[in-house]
Amino acid sequence: MEGGNILEEVRLRFAPSPTGYLHIGGLRTALYNYLFAKHNNGKMILRIEDTDRTRFVEGAIENLIESLRWAGIKYDEGVFVEDGKIVQRGDHGPYIQSERLDIYKKYVDELIEKGDAYYCFCSKERLDKVREEQKIKGLIPKYDGFCRSLSLEEARERIANGEEYVVRLKLPPNRDIKFEDIIRGPITINTNDIDDQVLLKSDGYPTYHMAVVVDDHLMGITHIVRGEEWLPSTPKHVYLYEVLGWEKPIYVHLPTVLNKDRKKLSKRHGDVSVEDFRRKGYLPEGLINYLALVGWSPEDNEEIFTMEELIEKFSFDRVSKTGGIFDIEKLNWVNGHHIRRYDLDKLTNLCIPYLKEAGFVDDKFVEESFDWIKKMVETVQESLSNLSEIAEKVDIFFNNKVKPENEEALAMLKEEHVPSILKAFREELEQVEEIDEEFAKGIMRKIQKSTGVKGKKLFMPTRIALTGNSHGPELVSIIYLLGKENIISRLDYVEENYL
RNA sequence: GGCCCCAUGGUCAAGCGGUUAAGACACCGCCCUUUCACGGCGGUAACCCGGGUUCGAGUCCCGGUGGGGUCACCA
């Protein structure tokens, strides 16, 4: 179990904190981890970093996992949900950090033994005070090393007396720590610019810095792919690998996904959780495809990809260094592509919840008229950029009290030749029991013949009489989907109210 | 403020010493469609600034400027 780096296969991990929902930026990090792992026939691990008990949110783990599942990120190892229960699978567990406390303790003790870490008894109050004073003097807020030279004997005595303590990393002064980032190249940071980081908190939990290093090593992680906000603390990790005598992994710091104002994507500017996008009717295929493109570009000029294609094409040397703005317009365009290529049955099933929510259909209707709904979805499929738009696109099919959308539309209905069109329409309808596709295709031609009206003067008023709108799906589809009864009802209503 | 990272059209981005500086989204035209959408064609629009290096810099180096990140017993 020790020394995971003898493993030859590529092993990557996504390690979120269960503090809420999966963030769009987090999804992209998970995606890049996944794409790289799968591209190299490696493994991807999901680890839960819950060392901050104060921020733990009930249900967050389940939520995170559900979002990943929905997005199609099929990790191999770690934490899963089965039958509503959290389970763990893999040979390097546990994969939930709060279940690994004794492991961290062991390495913290080792560091103390070797003099690479020390006990610190400074109170929060003292620390705050020190920082405040430093700020006033214009200095960098940093731990002042008050407990750094405490003897081990004295420290142990104080602990035995029940004093609260933390363990801090003992960084050597003025030393350049160097490491290589796959995306950014060589990076050097001097230890004078970093704090003696707390490794073990007073509640016995490790901090992120201790836990990542121990876990990534023990779990045999070969590549650490994470957001660039971690870049400044990487030297602490590098130093830990060094004093622990472990081989450090390969670092890959991803550019940030930004808001329109070039700040890190945040809730203030709209939706940021994967769940939000799911609810709005984005397909996992669309979201994933778009997200892959924020920060990475393929060699060719293609832009529409399936997950499989992304896996095949992905590489870190085509990931950019610059943060990219999350552009909802482009997401819409990408998502629209995926909607258009979606299987119609699947798409229909995905649309039904939105139709129910709008009050257009209920369970009974869905059961009896699935094919009709499917046909309706098909007529608007190409115009959708996300599923929630379905309601506004098809509302014309569900209300026989036709209302012209504006003055212009009303004016077109009031033109003097319109009554003759509607009359001809009725006459044609009387010829059949019910409208079939054949009939729907031919009716306008017949009306044209009998009334002598053609072109826009024929089609526009008919469209408006039937839907109230001057634009929408093909008239043939509208006529077919509406059916005889609805059409007659609409003609009645229009004649009574607008002519 | 210290440290770190970054810098090509409004946005995503290609480019890796010699190009008329790709492509996509958005926008604007035109075509297709007797509407809309889809699709097709075309157009507007970019190398942050200043020094070097070089026969030659968007591309390499240095310095500015700008933006972002980070400086917790949060991750």
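Let us look at the structure shown here.

About the thresholds
The numbering scheme is per chain: residues are counted from 1 as the chain's sequence reads. Going through the entries in the order they are written, you letter the chains from A and number the ligands from 1. Under the rules for a predicted model, residues below a pLDDT of 70 receive no local features and side-chain atom pairs below 80 are neither given nor counted, while totals for whole chains, interfaces and linings still include all residues. The basis for every side-chain value is the complete set of non-hydrogen atoms in the structure, without hydrogens or water. Helix and strand labels come from DSSP, where a helix needs a run of H or I of at least four residues and a strand needs a run of E of at least two; each type is numbered from the N terminus. Here a polar contact is taken to be a pair of N or O atoms separated by no more than 3.5 Å, where protein atoms must pair a possible hydrogen donor with a possible acceptor and residues adjacent in sequence count only if both atoms sit in side chains. Between two residues, a contact is recorded if the distance between any of their heavy atoms is within 4.5 Å. Axes here mean lines fitted to C-alpha atoms, for a helix over just the part in contact, with angles spanning 0 to 180 degrees between N-to-C directions. Convention used here: angles under 35 degrees read as roughly parallel, angles over 145 as roughly antiparallel, angles from 65 to 115 as roughly perpendicular, and any remaining angle as oblique. Handedness of a helix crossing follows the sense of rotation of the near helix relative to the far helix, less than a right angle counterclockwise being left-handed and clockwise being right-handed. All amino acids are sorted into three groups, where Ala, Val, Leu, Ile, Met, Phe, Trp, Tyr, Cys and Pro are nonpolar, Asp, Glu, Lys and Arg are charged, and the leftover types, Gly among them, are polar. Near is defined per residue: the residue qualifies when any heavy atom it owns lies within 4 Å of the molecule or strand. Pairing between strands is defined by DSSP: at least two bridges between them are needed. Any residue under 20% of the maximum accessible area for its type is buried, any over 50% is exposed, and the rest in between are partly exposed; the area is computed with a 1.4 Å probe on protein chains only. Residues are called lining when one of their atoms sits within 4 Å of a cavity or pocket point, these points coming from a 1 Å grid over the protein atoms alone, where a cavity is a set in which a 1.4 Å probe fits but cannot get out and a pocket is an open set with protein on both sides within 12 Å along at least five of seven lines. Grid points are joined across faces, edges and corners, and a volume is the space filled by probe spheres set on the points. The domain limits used here are those given by an automatic or database domain assignment.

## Some thoughts on the side chain of Asn-469
Next, step 1: For Asn-469, the location among the structural elements is in the loop between helix H19 (456–467) and helix H20 (475–497).
Next, step 2: A polar contact of 3.2 Å, which involves the side chain of Asn-469, links it to the side chain of Glu-405.
Next, step 3: Excluding residues within four positions of it along the chain, Asn-469 makes contact with Ile-396, Glu-405, Arg-463 and Ile-464.

## Here we look at the packing of helix H6 (residues 208–218) against helix H7 (residues 234–244)
Next, step 1: For the pair H6 and H7, interaxial distance at closest approach is 10 Å and the crossing angle is 55°. One finds that H6 runs oblique with respect to H7. Considering the relative orientation of H6 and H7, their crossing is right-handed. Where H6 abuts H7, its residues Tyr-208, His-209, Met-210, Val-212, Val-213, Asp-216 and His-217 lie against Lys-236, His-237, Leu-240, Tyr-241 and Leu-244.
Next, step 2: A class-by-class count of the residues in the contact of H6 with H7 yields 7 nonpolar, 3 polar and 2 charged.

## Here's the deal with the protein's contact with RNA strand B
Next, step 1: For RNA strand B, the set of nearby residues contains 61 residues, the closest of which are Lys-201, Gly-295, Glu-303, Glu-382 and Gly-455.
Next, step 2: Across the atoms of RNA strand B situated within 4 Å of the protein, the share located in sugar and phosphate is 69%.
Next, step 3: Arg-318 is positioned with one of its side-chain polar atoms (N or O) 3.2 Å from a phosphate oxygen of RNA strand B.
Next, step 4: When contributions to the surface near RNA strand B are tallied by element, the ones reaching two or more residues are strand E6 (166–169), strand E8 (185–190), strand E13 (324–325), helix H11 (328–340) and H19.
Next, step 5: Tallying contributions element by element places H11 first for the surface near RNA strand B, with 5 residues.
Next, step 6: Residue classes in the surface near RNA strand B are distributed as 18 nonpolar, 19 polar and 24 charged.

## Points about the sheet that holds E6
Next, step 1: As summarised here, the arrangement of the 3 strands in space is E5-E6-E9, forming an open sheet in which the pairing is antiparallel. Either end of the sheet is taken by a strand with one partner, and the two such strands are strand E5 (117–120) and strand E9 (198–200). Each neighbouring strand pair of the sheet contributes to a mean axis angle of 45°, computed without reference to strand direction.
Next, step 2: Looking at chain direction, E5 and E6 are connected through 4 bridges and run antiparallel.

## Section: unusual backbone geometry
Next, step 1: Looking along the chain, the bond that leaves Gly-93 and enters Pro-94 is cis, with omega of -5°.
Next, step 2: Inspection of the secondary structure assignment puts Pro-94 in the loop between strand E4 (85–89) and helix H3 (101–113).

## Observations regarding helix H9 (residues 284–293)
One full turn of an α-helix is made of 3.6 residues, so residues set three or four places apart face in the same direction.
Next, step 1: Among the 10 residues that make up H9, 9 are buried, leaving the element largely enclosed by the rest of the structure.
Next, step 2: Residues of H9 that are buried: Pro-284, Gly-286, Leu-287, Ile-288, Asn-289, Tyr-290, Leu-291, Ala-292 and Leu-293.
Next, step 3: Buried residues in H9 make contact with helix H1 (24–39), helix H2 (60–71), helix H8 (274–279), helix H10 (307–313), E13 and H11.
Next, step 4: Count one or two residues on from H9 and you reach Gly-295, which has phi positive near 110°.

## A few points about the layout of surface pockets
Next, step 1: Considering only enclosed or pocket space, the largest pocket measures out at about 1200 Å³ in volume.
Next, step 2: The wall of the largest pocket is formed by 45 residues, among which Pro-16, Ser-17, His-23, Glu-229 and Trp-230 lie closest to the centre.
Next, step 3: Counting only elements with at least two residues in the lining of the largest pocket, the list comes to strand E1 (11–14), H1, H6 and strand E10 (223–227).
Next, step 4: By residue number, the principal contributor to the lining of the largest pocket is H1, which donates 5 residues.
Next, step 5: Residue classes in the lining of the largest pocket are distributed as 18 nonpolar, 15 polar and 12 charged.
Next, step 6: Split by domain, the lining of the largest pocket shows at least three residues from each of two domains, domain 1 (11–97 + 257–325) and domain 2 (100–254).

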